[in-house]
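Summary of the model geometry
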Amino acid sequence: MLVADDSPVFLEAAVAVVEATPGFAVAATCRSEARAVELAGELRPDLALLDESMSGPDPSEAAAAFAAVSPETYVILVSADPRPFGGTSPLVSKEQLSPAALAELWGQRPASSRECSTGPA
Amino acid sequence: MLRYLDVTVVDGPDRVALRGPAATVPAWLTLSRLWGWVLLALLYYGSARFGYAFGFSGPIAAIVWLPVGVGAAFLTIGGLSFWPGALIGDLLADQYSAIPVWGAVGQTIGNLLEVVVIAFVVRQVMRRWSPLESLRGVAGMLAGICAGTAVSAIVGPLSLTASGALSIGSVPHVSWTWWLGDTCGGLLVVPLALAWSRRPRLQLKPRRALEAFAAVAVIGGLSWIAARGVTPAYLVFPILAIVAIRFGARGATTAVFFSVAVVVWGETDRHGHFAVNSFAPSVLKTQFFILVLAMSSLLMTALVAERGAALREMRASEIRAFTAAEAERRRMERDLHDGAQQRLLALAVRLGLNAREATTPTLQRFFAETQGQLRQAIDELRDLSHGIHPSVLSELGLADAARSLAGRSPIPVTLMELPTQPADPDSQAAAYYVLTETLANAQKHSGASAIRIRVRSDDASLSVTVEDNGIGGARESVGSGLMGTRQRVESRGGSFALESPSGVGTRITAVIPARVS
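Treat the numbers as computed from the prediction; the structure is a model and nothing was measured.

**Topic: the overall build of chain A**
Secondary structure summary: chain A contains four helices and five strands in total. In chain A, once contacts between residues fewer than 6 apart in sequence are set aside, the share between residues at least 24 apart is 64%.

**Points about the overall build of chain B**
Check the secondary structure of chain B and you find 16 helices and five strands. Looking at the 517 residues of chain B, the share that counts as buried comes to 37%. Taking contacts inside chain B between residues at least 6 apart in sequence as the whole, the part at least 24 apart equals 72%.

**Brief notes about the packing of helix α5 (residues 83-93) of chain B against helix α6 (residues 101-128) of chain B**
All names here are of chain B. Across the interface, α5 lies against α6 with an axial gap of 9 Å and an inter-helix angle of 145 degrees. In the crossing of α5 with α6, the sense of the turn from one axis to the other is right-handed. On the side of α5, the interface is formed by Trp-83, Ala-86, Leu-87, Asp-90 and Leu-91, while α6 contributes Thr-108, Asn-111, Leu-112, Val-115 and Val-116. Each residue belonging to the contact of α5 with α6 can be placed in one class, and the counts come to seven nonpolar, two polar and one charged.

**Examining the packing of helix α1 (residues 8-20) of chain A against helix α12 (residues 340-355) of chain B**
Describing two packed helices takes the angle between their axes plus the distance from one axis to the other. Running from amino to carboxyl end, α1 of chain A crosses α12 of chain B at an angle of 20 degrees, the nearest separation of the two axes being 8 Å. One finds that α1 of chain A runs roughly parallel with respect to α12 of chain B. Read as a crossing pair, α1 of chain A and α12 of chain B show a hand that is left-handed. Taken together, the residues of α12 of chain B that come into contact with α1 of chain A (itself represented by Val-9, Phe-10, Glu-12, Ala-13, Ala-16, Val-17 and Ala-20 of chain A) are Gln-342, Arg-343, Leu-345, Ala-346, Val-349, Arg-350 and Leu-353 of chain B.

**Quick look at helix α2 (residues 33-43) of chain A**
Residue and element names in this part refer to chain A. Taken together, the buried positions of α2 are Glu-33, Ala-36, Val-37, Leu-39 and Ala-40. Taken down its axis, α2 places every buried residue within 165 degrees of arc, on the same side. Set apart from the buried face of α2 by more than 90 degrees, the exposed residues are Ala-34 and Glu-42. The inward-facing, buried residues of α2 contact β1 (2-4), β2 (28-30), β3 (47-51) and α3 (59-69). Backbone geometry just downstream of α2 places Arg-44 in the positive-phi region, at approximately 45 degrees.

**Here's the deal with the sheet that holds β1 of chain A**
All names here are of chain A. Strand order across the open sheet formed by five strands is β2-β1-β3-β4-β5, with parallel pairing between neighbours. Across the chains shown, the open sheet's two edge strands, defined by having one partner strand only, are β2 and β5 (91-93). Geometrically, the sheet is characterised by an average inter-axis angle of 20 degrees between neighbouring strands, direction not taken into account. As defined by bridge partners, β1 adjoins β3 across three bridges and the pair is classed as parallel. Its bridge partner being in β3, Val-3 is matched across the sheet by Leu-49.

**A closer look at the pairing of strand β3 (residues 461-468) of chain B**
All names here are of chain B. Along β3, seven of the eight residues are buried, which leaves the element largely enclosed by surrounding structure. Where strand β2 (residues 451-457) and β3 come together, seven bridges link them in antiparallel fashion. Its bridge partner lying in β3, Ile-453 is registered against Val-466. If you look at the hairpin formed by β2 and β3, you'll find three residues sitting between the two strands.

**Points about α1 of chain A**
Helical periodicity: at 3.6 residues per turn, an α-helix aligns residues three or four positions apart in one direction. Relative to the 18 Å expected for 13 residues at 1.5 Å per residue, α1 of chain A spans 18 Å between its end C-alpha atoms, a close match to the ideal helical length. Turning to α1 of chain A, its buried residues are Phe-10, Leu-11, Ala-13, Ala-14, Val-17 and Val-18 of chain A. For α1 of chain A, the arc enclosing every buried residue in end-on projection is 165 degrees, short of the 170-degree limit, so these residues lie on one face. Away from its buried face by more than 90 degrees, α1 of chain A exposes Pro-8 and Glu-19 of chain A. Residues of α1 of chain A that are buried sit in contact with β1, β2, β3 and α4 (99-107) of chain A together with α12 of chain B.

**Brief notes about the sheet that holds strand β4 (residues 495-499) of chain B**
The strands making up a sheet associate through hydrogen bonds between their backbones, and the pairing can be parallel or antiparallel. All names here are of chain B. Ordered by their spatial adjacency, five strands build an open sheet running β1-β2-β3-β5-β4, and the pairing between neighbours is mixed. Each edge of the open sheet is held by one strand with a lone partner, namely β1 (413-417) and β4. When the angles between neighbouring strand axes are averaged without regard to direction, this sheet yields 10 degrees. Each of β2, β3 and β5 (506-513) is contacted by helix α15 (residues 425-446), which is oriented at about 5 degrees to β3, the strand it contacts most. Along the sheet, helix α16 (residues 481-491) makes contact with β4 and β5, crossing β4 at roughly 150 degrees.

Cut-offs used in this document
- One numbering rule holds for all chains: residues counted from 1, following each sequence as written.
- Starting at A for chains and at 1 for ligands, labels are handed out in the order in which the entities are written.
- For this predicted model, a pLDDT threshold of at least 70 governs which residues receive local features, and a threshold of 80 or more governs which side-chain atom pairs are given and counted, while totals over whole chains, interfaces and linings are taken from all residues.
- Helix and strand assignments come from DSSP, with helices taken as H or I runs of at least 4 residues and strands as E runs of at least 2, each series counted from the N terminus.
- Once C-beta atoms are placed from the backbone, any two residues with those atoms within 7 Å are in contact.
- Note on burial: count the other C-beta atoms lying within 10 Å of the residue's C-beta; 20 or more is buried, 12 or fewer is exposed, in between is partly exposed, and C-beta positions come from the backbone.
- In this description, a line fitted to the C-alpha atoms serves as the axis of each element, helices being fitted only across the stretch in contact, and the angle between N-to-C directions of two axes falls anywhere from 0 to 180 degrees.
- Crossing handedness: left-handed means the near helix sits turned counterclockwise from the far one by under a right angle, and right-handed means the same turn made clockwise.
- Gly counts as polar in this scheme, as do all residues outside two lists: the nonpolar Ala, Val, Leu, Ile, Met, Phe, Trp, Tyr, Cys and Pro, and the charged Asp, Glu, Lys and Arg.
- We call two directions roughly parallel when the angle between them is under 35 degrees, roughly antiparallel when it is over 145, roughly perpendicular when it lies between 65 and 115, and oblique otherwise.
- In this description, one arc is meant: the one made by directions from the helix axis to the C-beta atoms.
- Whether two strands pair depends on DSSP finding at least two bridges between them.
- What a helix should span is 1.5 Å times the count of its residues minus one.

Structure representation (structure tokens):
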């Protein structure tokens with residue numbers, strides 16, 4: 001999977017959470033949304049964990065950009081501020097990010113993207 | 001056209017030949033300049049004849065010698081190169097029947113030097129200061145006028161003495177009156193012309209026109225009865241001061257000119273025409289009246305203008321300071337958000353990861369407490385950064401941000417009305433600022449038990465009303481939150497009203513121009 005956050009400190013912590021989640025592995029990290037979309041096109045990850053403050057006012061646009069280059073990638077947004085909605089993507093607050101939360105959101109992904117049963121690479 | 005161009009480019013000598021005839025007319029002698037000379041000569045001559053006709057100028061001296069003002073103003077505004085017009089005008093105006101030709105020519109040279117000196121000095125002054133709207137400019141202009149007229153008042157009488165028209169003994173007396181009359185003419189016309197030669201064009205709304213008309217009527221009436229000797233002439237002073245304050249340089253110079261015109265007309269009507277050697281004490285009195293009136297009015301106008309400019313500058317610097325403070329607040333909020341807040345969040349996540357490995361009850365309790373405190377720190381930091389700049393607005397919108405403020409207030413807040421559509425971010429930020437400041441003010445000072453908030457949006461504005469049932473008596477002292485709120489609202493072109501009767505409570509109303517989407 002792909003992890004993107006413009007804060008290096010939080011990026012490291014997020015990677016640690018992913019590595020601690022059974023069946024999940026980090027394929028690449030980056031610090032901007034543009035680079036994240038680029039990497040998604042190259043690597044076709046199953047899951048992208050994306051800091052919502054990097055993207056514009058409408059998080060749906062970020063999801064659409066990912067869908068365009070890599071339709072099979074499931075996008076989860078993380079947010080530092082309490083935010084009412086993540087557009088079409090699931091949203092988790094940064095304080096709540098944990099292996100359990102990650103696994104739970106992964107489990108809630110729509111059936112269309114359920115191809116591998118164990119976990120995203 | 002093209003063929004002509006080919007010929008001139010290819011054939012060098014032809015080009016020179018073609019240019020030849022044009023080169024015989026000097027570049028400085030253009031048609032518009034010639035017309036300028038004619039115009040100046042006519043104006044100069046006309047103003048001199050005007051003085052003779054109405055009897056306030058004589059062949060040697062005058063109560064008011066207008067041509068000096070006309071000539072100096074023309075050269076000041078149009079440029080010194082128009083001097084031949086003044087020379088022609090003065091030669092035409094000389095009364096050759098009353099004085100010998102050579103005396104008249106000497107006098108003309110003095111008069112020409114006079115207008116050139118005044119125009120030169122005033123043009124120099126104008127390069128640095130406004131000649132009417134700064135005290136330095138007015139001082140420079142007065143100095144230029146006095147110096148120029150002194151040249152004429154020395155050269156003129158001396159050349160008349162040399163030609164035998166004046167006795168040497170009468171020179172000091174004639175010089176003095178000469179200087180006074182010329183200075184009066186310069187002081188009346190030069191500022192008047194400068195005031196009216198500048199943009200913008202005159203625009204009078206009906207109310208202002210009525211006010212101007214009333215001023216003209218009062219000045220005319222007071223000047224007239226003063227000229228009849230009924231009342232002292234200085235009665236007109238307060239009115240001229242008001243005109244300077246209300247109408248600026250144009251109004252003040254015009255009013256002085258008008259008042260002097262009426263007084264001089266009345267004087268000549270009463271005492272008969274001004275002629276050679278008719279230096280009655282009343283003439284001297286009139287000249288001093290003109291000098292004092294013109295100088296006071298010019299200084300008053302400059303003071304009023306400088307005060308206005310200082311006020312505008314102060315207001316601009318207030319807005320600059322406010323904008324700078326706002327930018328600094330945003331920077332701090334961004335730094336907090338991107339720095340400390342991310343670090344604390346990362347810490348919370350890592351702590352959560354390791355908490356699973358805590359096996360002993362002591363260690364579990366330690367983790368739980370640490371996580372709780374950390375969460376609190378994150379919340380406080382978030383509140384702090386939102387307080388610095390309401391990024392909460394972009395997330396929640398003004399209505400929810402107001403609800404959140406109300407929820408946090410220690411005094412119960414009733415939300416009477418909240419906007420339903422979002423407005424532009426800047427006006428929302430200003431409205432939010434009004435809410436936070438007035439709520440903080442009410443919490444600190446009012447002793448109220450209830451606060452009511454109403455935020456209403458219409459097509460062009462957001463209006464915010466905050467009222468409490470506290471002790472009232474709130475004031476906008478310098479540096480207070482309420483004054484800062486007023487400045488913030490007014491800097492956006494809005495209005496701010498504070499009603500705080502003692503013992504009844506406080507109500508603030510702010511209307512902020514907004515673009516509602």
